[in-house]
Every structure is written in structure tokens, then in C-alpha cells.
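Analysis of the macromolecular model
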Amino acid sequence: MAKELAEGDFAPDFELPTDGGGRTRLADLKGKPAVIYFYPKDDTSGCTAEAIAFNALRAKFAAAGTMVVGVSPDSAASHEKFKLKHELKLALAADPERSAIEAYGVWKEKSMYGRKYFGVERSTFLIDRNGRLAKVWRKVEVPGHAEEVLAAAKALA
């Protein structure tokens with residue numbers, strides 16, 4: 001397992017497919033702040049609420065000069081359906097091979113009803129203009145989270 005990333009560390013680069021046949025590469029965002037949020041699965045209640053919250057603040061993130069990208073192990077096709085269903089306009093990157101998920105240390109052992117399994121720990125990373133982690137949120141609770149991330153992004157400006 002990779003060491004857990006901390007504030008001040010360089011954000012690991014990645015290149016992942018997105019909905020609509022595009023690609024997202026962290027290196028392409030250098031020079032601008034970025035929010036990378038990792039979530040477990042498209043169209044589940046918590047993940048839907050989180051995506052809708054980030055989507056609702058899209059214009060405010062843009063005004064702060066900050067790009068927002070959601071990443072999950074779902075396929076790009078799944079992301080397309082998810083975005084269409086919930087009228088999402090933000091970028092969603094597919095990581096079924098878990099390359100970025102593991103590089104950011106968010107593939108964790110979880111437990112539900114006494115059953116242990118591995119999955120994505122809901123986590124968000126705010127990356128500054130120089131590619132360093134300015135703020136890290138782990139085990140994210142969805143209510144109010146997007147607003148908290150926006151406030152941190154505005155503080156970087």
C-alpha cells in the first residue's frame with residue numbers, strides 16, 4: 001500500500017477517461033487549482049447527493065478558477081447515464097483499474113453489517129496551482145461538504 005497522502009505533498013498525476021469520450025489528466029490542470037473528489041459508486045444515494053452538491057456550486061468553483069472532477073471505479077458509460085439522469089455538468093472520470101484511486105490512497109477496507117470488503121473511501125483533495133495538496137478531506141460526510149471545499153478553494157485565490 002502506498003503511503004497516505006498529506007497536505008503539502010504533490011498530487012499524483014493521472015490520466016483517466018471521462019464521460020463523452022474525453023480524458024482528464026491532472027497535469028493538464030497545472031497552474032489552476034483543482035478539486036478531485038473520489039466517490040464509491042454512481043447513482044447511490046450519498047454519491048448522488050455529493051455530485052448534485054458539487055454541480056450546484058459549479059459556477060462558484062469556476063469563478064474561483066477551480067476545476068472540479070469526480071472519480072469513481074465506474075465506467076465512462078455509467079458516468080454518462082448518471083450525469084444525464086441527474087443533469088450533472090461537472091466532469092466525471094472513470095477509474096475501473098483503480099490507478100488514481102490507489103495512488104491517492106482511497107481504496108480502503110470497509111465494513112457494513114459486520115461484512116468486510118474493499119471500496120472507495122469518500123475523499124476530496126484540493127490541489128493548488130503548483131500541484132500540491134492544499135487540503136485533504138477523508139471519510140467525507142456529504143451534507144455541507146461541497147460548500148466547505150468551495151470556501152477552501154476561494155481561500156487559495
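Structural notes, computed from the coordinates. Note that the coordinates shown come from a computational prediction; the quantities given were computed from them, not determined experimentally. (Residues numbered from 1 in each chain as written. Predicted model: local features only at pLDDT ≥ 70, side-chain atom pairs only at ≥ 80, totals over all residues. Heavy atoms only, no water.)

Look at helix H1 (residues 45-56): 16 Å from first C-alpha to last across 12 residues, which is about the 16 Å you get at 1.5 Å a residue. The set of residues buried in H1 consists of Cys47, Thr48, Glu50, Ala51, Phe54 and Asn55. Burial along H1 is one-sided: seen end-on, the buried residues are contained in an arc of 165°. Every exposed residue of H1 that faces more than 90 degrees away from the buried side is listed here: Ser45 and Ala56. Buried residues in H1 make contact with strand E3 (34-38), helix H2 (58-63), strand E4 (67-72), helix H3 (76-86), strand E8 (123-127) and helix H5 (145-156). (Helix = DSSP H or I, 4+ residues; strand = E, 2+ residues; numbered from the N terminus. Expected span 1.5 Å × (residues − 1). Buried < 20%, exposed > 50% of the residue type's maximum accessible area, 1.4 Å probe, protein only. Arc of directions from axis to C-beta. Contact = heavy atoms within 4.5 Å.)

Another aspect to go through is the packing of aromatic side chains. Evaluated as defined, the whole model comprises eight aromatic pairs. Between Phe38 and Tyr104, the aromatic rings sit 5.2 Å apart at their centres with planes inclined by 45°, giving tilted as the arrangement. Here Tyr104 lies in the loop between helix H4 (99-103) and strand E6 (107-112) and Phe38 lies in strand E3, a separation of 66 residues in the sequence. Taken as a pair, Phe38 and Tyr104 share a single burial class, namely buried. Aromatic side chains Phe38 and Phe125 sit 5.8 Å apart centroid to centroid with 90° between the ring planes, which places their arrangement in the edge-to-face category. Residue Phe38 is located in strand E3, and its partner Phe125 is located in strand E8; the two are separated by 87 residues in the primary sequence. The two residues Phe38 and Phe125 agree in class, both being buried. Linked through ring pairs, Tyr37, Tyr39, Phe54, Phe61 and Phe82 together constitute an aromatic cluster. The residue whose ring lies beneath Arg98 is Trp107, and the NZ or CZ to ring-centre distance is 4.0 Å. Over the ring of Phe10 we find Arg132, and its NZ or CZ is 3.9 Å from the ring centre. (Phe/Tyr/Trp six-rings, centres within 6.5 Å; stacked < 30°, edge-to-face > 60°. Lys NZ or Arg CZ within 6 Å of the ring centre and 35° of its normal.)

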